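Descriptive structure summary
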Amino acid sequence: MIGARVHGGLLAIALLLALLTWNREAPTEIELDRILVWERDTSAVLSVTYRSSDIDLVLSPRTENDQYFWAGSEVSYQGGVGDSNPDTLVFPLGLPGSKLIEDFAEFRVLRDLGGIARDRADEFGLDEPEATVTIEFSDGVEDLYLGKAPVGSEDRYAWDSPEGSLYVIPADVIRPLMLGSPALRERQVHDFLASDIARVRIEVDGRERVMVRQPAEIGDPATWYPLGSPERSDLTFANFMERVGQVSIEGFGKEVSVDLMVELMRIEYFDENDEEIGFLELYTESDEPGEHYYIVSERTKMLAEAIKLLAERVALDLTDIF
């Protein structure tokens, strides 16, 4: 029952993230109704920086484990700016974060009010801006100073300078930055679907096992059998892989290298063409029970803390699959 509830919750999150993701090759009617302020290719975006009294957030490309990806570096000031012990968090961007980069490459606003705020900055909360957004491009920099929200909305007034234009920025563009890592971080473990898996290679404590996935009828679980032995269906391994598929991300921020952790397993996933489509590594801080669990996959790019209940079930099953 717990597994079903968790699986349902993860499916709901995935659907929500899918709804938040827009296709840039075919702008929606909502986007087309908005006013274009500037337009560049996403490859021209070098960084996006958000600064307020609560957080400093920088989104920029990063290379780790020979992989290039976008990540966020967030410093939170629980005691306000000047806090001598701020919290620092580094995380890979998920779908909403990638959308944000696209939004600032092709920046559209709800309204362009021109120079109306030059003598009325206090009316729009721009006499003392709440936050600043700086978008660095390969050919220059754009700044936005954020004011208050229009009455009855979560949109934001902003201007590019006291001498420039006053805009109304839509909430779906600016809110993710204001929320920081909870709204921008990666939440999915893999780039592929379970139905894409044809076989796996699992390595545990120097031992290796290769298993083949046999799809079943719709609504029924897939079966698994050793390579070359389709008659030897393994229900224990099938249950194990179902639990592996439920492993999900609690959060990011662990700064300890994986080299200092205990690796419990590594799984490599292959499709029907025998091409590797992903991997999953499961770690813990020690062999003692009760510790936290961490994962690295082709999608997380970096160490992520796993939801303990789900990862622990996988760890306890490892002795049963060899």
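Notes on the structure follow. (Residues numbered from 1 in each chain as written. Predicted model: local features only at pLDDT ≥ 70, side-chain atom pairs only at ≥ 80, totals over all residues. Heavy atoms only, no water.)

1. A short note on the sheet that holds strand E10 (residues 156-159)
To be explicit about the condition: A pair of strands is considered paired only if DSSP assigns at least 2 bridges between the two. Only DSSP runs of H or I covering at least 4 residues are called helices, and only runs of E covering at least 2 are called strands; the numbering of each starts at the N terminus. Between two residues, a contact is recorded if the distance between any of their heavy atoms is within 4.5 Å. Lines fitted to C-alpha atoms define the axes here, with helix axes fitted over just the stretch in contact, and angles between the N-to-C directions of these axes take values from 0 to 180 degrees.
The nine strands lie next to each other as E5-E4-E3-E2-E8-E9-E10-E11-E7, forming an open sheet whose pairing is antiparallel. Each edge of the open sheet is held by one strand with a lone partner, namely strand E5 (87-92) and strand E7 (111-112). Bridge count between strand E2 (residues 45-52) and strand E3 (residues 55-64): four bridges; the pairing is antiparallel. Paired with Val48 across the bridge in E3 is Leu59. Helix H4 (residues 171-179) rests against E2, E3, strand E8 (131-137), strand E9 (140-146), E10 and strand E11 (166-169) of the sheet, and its axis sits at about 90 degrees to E3.

2. Overview of the packing of aromatic side chains
Think of a pair of aromatic rings as described by two things: how far the centres are apart, and how the planes are tilted against each other in angle. We apply this condition: Ring pairs shown here join Phe, Tyr and Trp side chains whose ring centres sit within 6.5 Å, with only the six-membered ring taken for Trp; geometry is labelled stacked below 30 degrees between planes, edge-to-face above 60, and tilted in between. Under the scheme applied here, a residue whose accessible area is under 20% of the maximum for its type counts as buried, over 50% as exposed, and between as partly exposed, the area being computed with a 1.4 Å probe on protein chains only. For a ring to carry a charge above it, either NZ of a lysine or CZ of an arginine must fall within 6 Å of the ring centroid while also lying within 35 degrees of the normal to the ring plane.
Applying the stated criterion across every chain, the model contains seven aromatic pairs. Between Trp38 and Phe137 the ring centres are 6.2 Å apart and the planes differ by 80 degrees, which places this aromatic pair in the edge-to-face class. With Trp38 in strand E1 (residues 35-39) and Phe137 in strand E8, the pair connects residues that are 99 residues apart, well separated along the chain. Phe137 matches Trp38 in its accessibility class, with the two residues each being buried. Taken together, a centroid distance of 4.8 Å and an interplanar angle of 75 degrees make the contact between Phe124 and Tyr157 edge-to-face. Taken together, the residues Phe124 in the loop between E7 and E8 and Tyr157 in strand E10 connect sequence positions 33 residues apart. Assessed through its relative accessible area of 7%, Phe124 is described here as buried. What makes Tyr157 buried here is its relative accessible area of 17%. Among the aromatic residues, those joined into a ring-pair cluster are Trp38, Phe104, Phe107 and Phe137. A cation sits over an aromatic face here: Arg40 above Phe137, 4.1 Å from the ring centre. Its guanidinium or amino end placed over the ring of Phe270, Arg199 lies 4.0 Å from that ring's centre, counting from NZ or CZ.

3. Notes on the sheet that holds strand E16 (residues 262-270)
Taken in spatial order, the eight strands of this open sheet run E14-E13-E12-E16-E17-E18-E19-E15, and their pairing is antiparallel. The open sheet has two edge strands, strand E14 (223-226) and strand E15 (249-252), and neither has a second partner. Averaged over all adjacent pairs, the angle separating strand axes in this sheet is 30 degrees, with direction ignored. Direction of pairing for strand E12 (residues 199-204) relative to E16: antiparallel, over a ladder of five bridges. Note that in E16 the partner of Arg201 across the bridge is Glu268. Along the sheet, helix H6 (residues 235-246) makes contact with E12, strand E13 (207-214), E14, E16 and strand E17 (276-284), crossing E16 at roughly 100 degrees. Docked against the sheet, helix H7 (residues 308-317) engages E16, E17, strand E18 (293-297) and strand E19 (304-306), running at close to 85 degrees with respect to E18.

4. What about the pairing of strand E6 (residues 106-109)?
Residues Glu106 and Arg108 point to one face of E6 and Phe107 and Val109 to the other, with burial holding for every one of them. Alignment of E1 against E6, held across four bridges, turns out to be antiparallel. If you follow Glu39 over to E6, its bridge partner there is Glu106.

5. Notes on the pairing of E8
Of the two faces of E8, only the one carrying Ala131, Val133, Ile135 and Phe137 is buried; Thr132, Thr134 and Glu136 on the other face are not. Here E2 pairs with E8 via seven bridges, running antiparallel. Bridge pairing links Tyr50 to Val133 in E8. Both E8 and E9 contribute to a ladder of seven bridges, which runs antiparallel. Looking at E9, one finds that Thr134 is bridged to Asp143. In textbook terms, the turn of a hairpin is the stretch between consecutive antiparallel strands, and for E8 and E9 this stretch comprises two residues.

6. Some points on the side chain of Asp155
What counts here: Positive charge is attributed to Lys and Arg, negative charge to Asp and Glu, and no charge count is given to His or to the chain ends. For this document, the term salt bridge refers to a Lys or Arg side-chain nitrogen within 4 Å of an Asp or Glu carboxyl oxygen. We define a polar contact as two N or O atoms separated by no more than 3.5 Å, with the added condition that, inside protein, one atom must be a possible hydrogen donor and the other a possible acceptor, whereas residues neighbouring each other in sequence contribute only through side-chain atom pairs.
On the secondary structure map, Asp155 appears in the loop between E9 and E10. Although Asp155 is buried, it makes no salt bridge; Arg34 carries the closest opposite charge, 6.7 Å away. A polar side-chain atom of Asp155 sits 2.8 Å from the main-chain amide nitrogen of Ala171. Dropping the residues within four chain positions of it, Asp155 is found in contact with Leu110, Lys148, Ala149, Pro150, Val168, Ile169, Pro170 and Ala171.

7. Some details on H6
Basically, it comes down to this: Helix span is expected to be 1.5 Å times the residue number reduced by one.
Between its first and last C-alpha atoms H6 spans 17 Å; for 12 residues at 1.5 Å apiece the expected length is 16 Å, and the two agree. All of the buried residues in H6 are Phe237, Ala238, Phe240, Met241, Val244 and Gln246. Two or three places before Thr236, at the opening of H6, Asp234 has a side-chain oxygen 3.1 Å from that residue's backbone nitrogen.

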